[in-house]
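In case you want the letters, here they are:
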2 protein chains.
Amino acid sequence: MPATDTTTSLRPLGQAAKHASRVLGPMRTPQKNDALLAIADELDDRADDVLAANAQDVEDGRANDLSDALLDRLLLTEQRVARLAQDVRRVAELPDPVGQDLDRRDLDNGMTLIRRRIPIGVLGVIYEARPNVTIDIAALSLKTGNAVILRGGSETLRSNLALVDVIQSALERTDVPRDAVQYIDNPDRALVTELLRMDEYVDMIIPRGGAGLHRLCREQSTIPVITGGIGICHIYVDEDAKLGQAVDIIENAKVQRPSVCNALDTLLVHRAVAPTLLPRVARRLAEHDVELRADEDAFALLKDGPAHVVPAGPDDFDQEWLALVLGIKVVDGLDAAIQHIQTHSTEHSDAILTTNQTHAAQFVDAINSAAVYVNASTRFTDGGEFGLGAEVAVSTQKLHARGPMGLEELTTYKWIGLGDGHVRS
Amino acid sequence: MPATDTTTSLRPLGQAAKHASRVLGPMRTPQKNDALLAIADELDDRADDVLAANAQDVEDGRANDLSDALLDRLLLTEQRVARLAQDVRRVAELPDPVGQDLDRRDLDNGMTLIRRRIPIGVLGVIYEARPNVTIDIAALSLKTGNAVILRGGSETLRSNLALVDVIQSALERTDVPRDAVQYIDNPDRALVTELLRMDEYVDMIIPRGGAGLHRLCREQSTIPVITGGIGICHIYVDEDAKLGQAVDIIENAKVQRPSVCNALDTLLVHRAVAPTLLPRVARRLAEHDVELRADEDAFALLKDGPAHVVPAGPDDFDQEWLALVLGIKVVDGLDAAIQHIQTHSTEHSDAILTTNQTHAAQFVDAINSAAVYVNASTRFTDGGEFGLGAEVAVSTQKLHARGPMGLEELTTYKWIGLGDGHVRS
């Protein structure tokens, strides 16, 4: 296992990554898949090394009073490592988007014009606690012919280094250069800034973490950044919604996994159905100990019920809760709901519940979030659920990719013009 | 016509643009086309106002000793204004990409999942001398449902303000809000930096200008930027090229329009054909007074010929000439050519001339420029030539769009999930 703190300047990593990407980029699918299978096997063979490193991270985490939730996120078990290896094998089975011709046609002048998918080149990925991201992102990058420079959280440094050592050792037995996957092993934050400005070598930055990390990347990076993963998600229950269905959807969106970006943050309810619906919602959510932050109208309807309800504060409709808390507001109708969402949404996932087709269409037209739902939970915004076979990140920006990003979103294209002495007139 | 220097903070422009984009975005194609036709008519009707403003810009330009080439770029004539109006009418005739469903399928759980093209939102476009860009970009933005904030060069301020006044007056007679097209009328450069950081309101920055402007945008912008338009373009003549064809292609790529980004900058020639080919190239280029910057081997072959040839300096293979100058280098073969291009190219447009299909395929695989040609001139990298119907910019970055950007590249997409009480299990 490599010693820590060897990285003091990223230029050599950048150069090595660029070089590796030029070797890896044109490789055929079987060569890349062989490398993935080698990584999976090595992970199985050396699970003990990984678990030993992880045990140290967990021990440090306990000593540093990390929360139980965080400790669970960074914990690897025999079973979890085995599943990581299986995940890598599944990536090997996915279709390879690289080399696909997006279109091909003959121009009037006789030149054949092709638009062909190619790797992006070198990816820089900055992420937080979970060590499984190290394996996931490395596998998805290799599958798409991209070299990657990884920078994980300091809480999982030892686990990540063990995993990268597994990856690099495996790659040495394959055609893929070892430097196709590199890790920044120095936890100095100045190196993050250096990575963000190394546009000579790095083609895309993917931050996976909280709002602060995304802001840092937007502010500092001279490399195109995929921002996202922050979801202030809304459900609007219209006058004509099926109320039983609405209660089920709201429960699912809020409590099925409250810590993730596509969980529900704010419930908007049409005034006409609020007196009937809100007490039912409150009863259901009380079973899960959800705290309700209600606007004046909603509070009046809920204050005597079983739920823990408090009056909403001025910032409560601009929160991504990531916890069992829900903002609730009564609105006068569709227009007010749209206006509230346009003002407060982070354009991640928003839903309308209605049987009125005209209202559904108006909502879908007006709300330009990455994912917009009609009569469904916001929790579906996910690469797996959308059938992408993988998920690199969830983008909420407008360029390149929106919503769940799979393998295709790790590619770009080039135009190829095949002529026979063609000159422009 | 609005007075100049009224803009001291861009926030009101940003807010107005965001608001306009929400009204414009969901509009149907006929509404947007009506607005385009109104602009074209207004341009015809008020050509005199535009020409009067332009005459002042030209007068100032002469007083400020602008070059004849620059003066010609900023000059508008009756004919040029009429052509601008025609260009707007042609944009109205183009198919509208907004609202297209990129794909639509039923998931296993019964939910219908649609990926639908939508406008990007608010564009910020920063450009240099040509006033026709004002009309072009406004028309392409409106067609794709995007609001736009324009910032042109100070040399054409009066012309641009006159054109924007024409646009806004025309829009007032249509459904499209007047603020869908706005102009930063204060030439203070600090406002450019403010624009680049107004990520709350602006979704994409398109710089159209030199390397310095692109660098500024990459360094300062917190908004995704489309960089490009800088082309150090190469042609590699392989051992098995048709030499007569090669001379024609090189001439076309270098002299047909030397001031543009897809013009040839560096010629690489296989050692085996250099003695035959280079004197023929030099003779042809001498007819156009092209200055040759030749490496040692090429200089030896050319020094006694008719062309103006000088030994290449150390930076001469890292120049985008934009003029009748050409770098020439003799290489040992395909690998050396690929390596030179990978080191010096800006990934805009590069070509191989060869009859060897294996070499052509190797070149196309290894060179990941936005456009890669076999036996054709680099000059084809253009939205019109590629059949896109329009050109917003030429991207050389990897994200979102590469090469010529047409209407589709001014759009993004959202995912739409249509359910009937769907919850995630």
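Residues numbered from 1 in each chain as written. Chains lettered and ligands numbered in written order. Predicted model: local features only at pLDDT ≥ 70, side-chain atom pairs only at ≥ 80, totals over all residues. Heavy atoms only, no water.

Engineer: Tell me about the interface of chain A and chain B, and name the residues and values.
Structural biologist: Quoted interface sizes are often the accessible area lost when the parts come together. Taken together, the 73 residues of chain A in the interface contact 73 residues of chain B. Interface of chain A and chain B: buried area, both sides summed, is about 6,400 Å²; carbon and sulfur atoms make up 47% of it. Here chain A and chain B share 14 salt bridges between them. Close ionic contact of B:Arg424 with A:Glu385 constitutes a salt bridge, the shortest N to O distance being 3.2 Å. Linking chain A with chain B are 60 residue pairs in polar contact (both at pLDDT 80 or more). With five bridges joining them, strand S16 (residues 411–422) of chain A and strand S13 (residues 371–376) of chain B adopt parallel strand pairing. Looking at S13(B), one finds that A:Leu418 is bridged to B:Val374. (Contact = heavy atoms within 4.5 Å. Buried area = accessible area lost by both parts, 1.4 Å probe. Salt bridge = Lys/Arg side-chain N within 4 Å of Asp/Glu carboxyl O. Polar contact = N/O pair within 3.5 Å; in protein donor to acceptor, adjacent residues only side chain to side chain. Pairing = 2+ DSSP bridges. Helix = DSSP H or I, 4+ residues; strand = E, 2+ residues; numbered from the N terminus.)

Engineer: Before we move on, can you summarise the relation of the copies chain A and chain B with the specific residues and values?
Structural biologist: For the pair chain A and chain B, the superposition axis carries a translation of 0.0 Å, the fit reaches an RMSD of 0.0 Å, and the rotation angle comes to 180°. Here the transformation between the copies is reduced to the relation of a two-fold axis. Of the C-alpha atoms belonging to chain A, the one lying closest to the rotation axis is found on A:His400, 1.8 Å away. Both copies present the same face, since 100% of the interface residues in chain A are matched by interface residues at the equivalent positions in chain B. (Least-squares fit on C-alpha atoms with pLDDT ≥ 70 in both.)

Engineer: Outline unusual backbone geometry, listing residues and values.
Structural biologist: Phi is positive for B:Asp289, which is not a glycine, with a value near 60°. Following the sequence through the fold, B:Asp289 ends up in the loop between helix H11 (274–286) and strand S9 (291–294).

Engineer: Run through the packing of aromatic side chains, naming residues and quoting values.
Structural biologist: Throughout the structure, instances matching the rule amount to four aromatic pairs over all chains. Arranged with centres 4.8 Å apart and planes meeting at 40°, the rings of A:Phe386 and B:Trp415 form a pair that is tilted. Of the two residues, A:Phe386 sits in the loop between strand S13 (371–376) and strand S14 (393–395) while B:Trp415 sits in strand S16 (residues 411–422), which places them in two different chains. As far as burial versus exposure is concerned, A:Phe386 and B:Trp415 are alike and both buried. A ring pair is formed by B:Tyr413 and B:Trp415, whose centres lie 6.2 Å apart and whose planes are at 80°; its orientation type is edge-to-face. In this structure, B:Tyr413 and B:Trp415 share a single accessibility class: buried. Positioned above the aromatic ring of A:Trp415, the side-chain terminus of A:Arg115 is 5.6 Å from the ring centre. We note A:Lys329 situated over the ring of A:Phe317; from NZ or CZ to the ring centre the distance is 6.0 Å. (Phe/Tyr/Trp six-rings, centres within 6.5 Å; stacked < 30°, edge-to-face > 60°. Buried < 20%, exposed > 50% of the residue type's maximum accessible area, 1.4 Å probe, protein only. Lys NZ or Arg CZ within 6 Å of the ring centre and 35° of its normal.)

Engineer: Describe the packing of helix H13 (residues 334–344) of chain A against helix H14 (residues 357–366) of chain A, naming the residues involved and giving the relevant values.
Structural biologist: All names here are of chain A. Contact geometry for H13 and H14: axes closest at 11 Å, N-to-C directions at 20°. Viewed along their axes, H13 and H14 adopt a mutual orientation that is roughly parallel. For the pair H13 and H14, the sense of crossing is right-handed. Residue-level contacts link Leu334, Ile338, Ile341 and Gln342 of H13 to His359, Gln362, Phe363 and Ala366 of H14. (Axes fitted to C-alpha atoms, helices over the stretch in contact; angles between N-to-C directions. Parallel < 35°, antiparallel > 145°, perpendicular 65-115°, else oblique. Left-handed = near helix turned anticlockwise from the far one by under 90°.)

Engineer: Can you break down the confidence of the model for chain A residue by residue, with the values?
Structural biologist: In the predicted model, chain A carries a mean pLDDT of 95, and the fraction of residues at 70 or more is 98%. Reported confidences for the modelled complex are a pTM of 0.93 and an ipTM of 0.94. (pLDDT = per-residue confidence, 0-100.)

Engineer: Explain the environment of A:Ala139 to me, and be specific about the residues and the numbers.
Structural biologist: All names here are of chain A. For Ala139, the position within the fold is in helix H6 (residues 132–143). Residue class for Ala139 comes out buried when judged on its relative accessible area of 4%. Separated by 50 residues in sequence, Ala139 and Arg89 place their C-alpha atoms 9.1 Å apart. When near neighbours in sequence (up to four residues on either side) are disregarded, Ala139 contacts Leu36, Val88 and Val91.

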